[in-house]
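Residues per chain, in single letters:
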Amino acid sequence: MNTLFFLIQQTMFFTIPLLVVALGGMFSERSGVINIALEGIMIMGGFCSILFISFMQDTMAGQPLLLLAILIAMISGAVFSLLHAYASINMKADQTISGTALNLMAPAVSIFAARMIQPSGVQQIQFTNTFRIAKVPVLGDIPILGDMFFQNVYLTTYIGVAILIIAAILLYKTKFGLRLRACGEHPQAADSVGVNVYRMRYAGVMISGALGGLGGLIFVVTTSTNFNATVAGYGFLALAVLIFGQWNPWRIALAALFFGFMKTISATYSSIPWLVQLQVSGYVYKMIPYIATLVVLVFSSRNSQAPKAAGVPYDQGAR
Amino acid sequence: MKKLLVLCLVLALSLTMLAGCGKGSGFELALVTDLGTIDDKSFNQGSWEGLKKYATEHNKTYQYYQPSEATNAAYLEAIDLAVKGGAKVIVTPGFLFEVPVYMAQTRYPDVKFVLLDGEPHTEDYATYKTEANTLCILYAEEQAGFMAGYAAVKDGFTKLGFQGGMAVPAVIRYGYGFLQGAEAAAREMGLPEGSISVMYNYSGDFAATPENQARAAGWYQSGTEVIFACGGAVGNSVMAAAEASTGKYVIGVDVDQYAESNTVISSAMKMLGNSVYQALEAYYGNKWDGGKTWVLDVNNDGVGLAMDNARWRSFSKADYDALYKGIKDGTYKINNASDISIADLGLKYVTVTEVAD
């Protein structure tokens, strides 16, 4: 039983950053802007917020510090994504190229800035992890469920779940969501009924920036003791989750869970007795999420749910 | 207006370039970094500190150069740059420099090369040649690993873990030394055979990833008490996992990593700075030992276990001194082969569970 609880707790460490970042990507692409800059945005978000934590951790600790760091991560991610938004919306640049530029720029900027800002002049930013919640009061005592979801967790897990619910409501139940989706499917039509396409696309990209930055923070806090200008390709993995999830928040959540679970299995199968007995190579578990993505792409390519206008710069004059 | 701006820019550029020429002699001591940066808390940083120490004490100019990417061509380019910058001695930390230095040592016969952790050879490993202007420094990692394993078992741990990075010879020697150290301590303490268990894995990278964190967390969760994290940033993932559990520890590697996390109980160290310092001292003292390979071990303070900031529960400085002496006088025989399998080590007291990548 302990193994099961452990697996679920670890799966959350993988799933939540993927989920949050993929949801961010969803908002951007639903508004019609392809955002492959997620990796770079994660790095910038992680950089700013971890730097904040490292400067503030002498005066405060625990959840208040984490909440402030989350705010910083989201703001810095959103600001950084503005570069992508400006290039691809106002300047009508190729969105893949501007995204790549951001991905290349982010690690360089964060290394340079970390060295300039930190008194020690090093590129790694150390932080002390005071954010883990050993046990949520009351809820943690519930048998089984408490062990699974309310022990050994981070506040960010619940924030991730909240973001999922808010994202689904925002996208499907509000005027804003309808307009956003219209801009991604047929911006000319949206414009003809008075929706400001540029503004909606800016909103989409900035939401993706905020969530991407948050994802960067969650990623670093749960998996390392310092920030070293990298998020190990999880921004790109989040793109795979986004496609696997067919641009739908609930499917994205399932895809993130699936990816997270398979990643957990591939990394920890050596500690799970019955998996060791199966004698399956660890490589197989590692491959499964990617093979599954390919299979899903093959079967869904005909009726892909990808926003029709994603990647196409909107030109008002071409109406 | 635009033209004027461009003109100004060009002028400014050429002026700064001229100013650069006027400076003359340049930097006498140079270090070319390998994968990672100058403050990687590992190889680059350790050797850079030694170089810096010598340079400031003896009033020499110094500079480091970072290759644009991790290829032989880029490393060679950085070496070219260092030579153009006036370098007389170039320090190249890491086995990745074996091929670039092989080429550079004949291209620049007047420049001295200090190659840490490797020996120059051609790309296909067919020819090994160390010219008179090159000094190779190797470390007895197995001794450092041995100390870590020995101390861990002496300190009362019975469930250990070894988390390596890429399975390169240096990492393998650390790992095998660790196992042999645990074996020796268990035998001394009269523990029953098979009483020490070790989880053993090479992650195949040198990065902090959730996979590495999860693997370590899994080991800790299933009973492992202390993990020897031997792969650069992989260690940070292991520390994150240790911090998320209670009463779990990490043994650091290469340099004293105590400041990175409260869970770091000690570190198996190579005295990188020391060896660079020694090499430079030899060069300026006209005792340049070119064409040779120094193997630094306990006999010349080349390896060791971090004790100043250690958090051992019972393993004391006296225990460490006895261990150090034991390795020195040959009481402990340590196999330093890296091309054998774990079974060939003939361990009795230690049961190893090898985890595939």
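Residues numbered from 1 in each chain as written. Chains lettered and ligands numbered in written order. Predicted model: local features only at pLDDT ≥ 70, side-chain atom pairs only at ≥ 80, totals over all residues. Heavy atoms only, no water.

Q: Explain the packing of helix α7 (residues 175-185) of chain A against helix α9 (residues 197-223) of chain A here, please?
A: All names here are of chain A. Between α7 and α9, the shortest axis-to-axis distance is 9 Å and the interhelical angle comes to 100 degrees. Comparing the axis directions of α7 and α9 gives the class roughly perpendicular. Contacts between α7 and α9 involve F176, R179, L180 and C183 from the former and V197, M200, R201, A203, G204 and I207 from the latter. (Axes fitted to C-alpha atoms, helices over the stretch in contact; angles between N-to-C directions. Helix = DSSP H or I, 4+ residues; strand = E, 2+ residues; numbered from the N terminus. Parallel < 35°, antiparallel > 145°, perpendicular 65-115°, else oblique. Contact = heavy atoms within 4.5 Å.)

Q: Help me out: how do you make sense of a nonpolar patch on the surface in this one?
A: All names here are of chain A. Taken together, the side chains of Y283, V284, M287, I291, V295, V298 and F299 make up a nonpolar region of the molecular surface, amounting to roughly 680 Å² of accessible area. Considering the arrangement of structural elements, one finds Y283 in helix α13 (residues 282-300). Residue classification places Y283 among the partly exposed residues on the basis of a relative accessible area of 43%. (Patch = residues over 30% accessible without salt bridge, like charges linked within 9 Å, V, L, I, M, F, W, Y side chains within 5 Å. Areas by Shrake-Rupley, 256 points an atom, 1.4 Å probe, with all protein chains shown as cover. Salt bridge = Lys/Arg side-chain N within 4 Å of Asp/Glu carboxyl O. Buried < 20%, exposed > 50% of the residue type's maximum accessible area, 1.4 Å probe, protein only.)

Q: Where do I start with the environment of I342 of chain B in this structure?
A: Residues and elements named next belong to chain B. Considering the arrangement of structural elements, one finds I342 in the loop between α10 (317-328) and β13 (350-355). Under the relative-accessibility criterion, I342 is labelled buried at 7%. When the C-alpha positions of I342 and M239 are compared, they lie 26 Å apart, and in sequence the two are 103 residues distant. Excluding residues within four positions of it along the chain, I342 makes contact with Y176, L179, Y200, L347, V352 and E354.

Q: Any chance you could explain the confidence of the model for chain B here in plain terms?
A: Confidence in the prediction of chain B, expressed as mean pLDDT, is 88, and 93% of residues score 70 or more. Within the model, pLDDT remains below 50 along residues 17-24 of chain B, and this stretch shows 0 contacts once partners closer than five positions in the same chain are excluded. (pLDDT = per-residue confidence, 0-100.)

Q: Even after reading the chapter, I still don't get the sheet that holds strand β7 (residues 196-202) of chain B, so can you show me in this structure?
A: Where strands meet in a sheet, backbone hydrogen bonds hold them as pairs that are either parallel or antiparallel. Residue and element names in this part refer to chain B. Strand order across the open sheet formed by 7 strands is β12-β10-β9-β8-β6-β7-β13, with mixed pairing between neighbours. On the outer flanks of this sheet lie β12 (303-305) and β13, each paired with one strand and no other. Between one strand axis and the next, the sheet turns by 15 degrees as a mean value, whatever way the strands run. Across 6 bridges, the pairing between strand β6 (residues 159-164) and β7 is parallel. Each bridged residue has a counterpart across the sheet, and for F162 the counterpart in β7 is Y200. (Pairing = 2+ DSSP bridges.)

Q: What exactly am I supposed to notice about the interface of chain B and chain A here?
A: A common way to state how big an interface is: give the accessible area lost once the parts meet. Contact residues are listed per partner, giving 30 residues for chain B and 32 residues for chain A. In total, chain B and chain A occlude about 2600 Å² of area from one another, counting both sides; carbon and sulfur atoms represent 50% of this. Where chain B packs against chain A, one counts 1 salt bridge. E211 of chain B is paired through a salt bridge with K263 of chain A; the nearest N and O atoms lie 2.5 Å apart. For the interface between chain B and chain A, the tally reads 8 residue pairs in polar contact (both at pLDDT 80 or more). Counting only elements with at least two residues in the side of chain B that touches chain A, the list comes to α7 (210-221) and α8 (234-243) of chain B. (Buried area = accessible area lost by both parts, 1.4 Å probe. Polar contact = N/O pair within 3.5 Å; in protein donor to acceptor, adjacent residues only side chain to side chain.)

Q: I keep staring at the environment of A162 of chain A and nothing clicks. Help me out?
A: Residue and element names in this part refer to chain A. When you line up the elements, A162 lands in helix α6 (residues 155-173). Here A162 falls in the partly exposed class, since its relative accessible area comes to 32%. The spatial distance from the C-alpha of A162 to the C-alpha of S28 is 19 Å, given a sequence separation of 134 residues.

Q: I keep staring at the UniProt feature "domain: ABC transporter substrate-binding protein PnrA-like" (unreviewed entry) in chain B and nothing clicks. Help me out?
A: As recorded in UniProt, the sites labelled "domain: ABC transporter substrate-binding protein PnrA-like" (unreviewed entry) are residues 29-308 of chain B. Here residues 29-308 of chain B is 39% helix and 22% strand, with 30 Å between the C-alpha atoms at its ends. (UniProt positions renumbered as here; feature names shortened; annotations may be inferred.)

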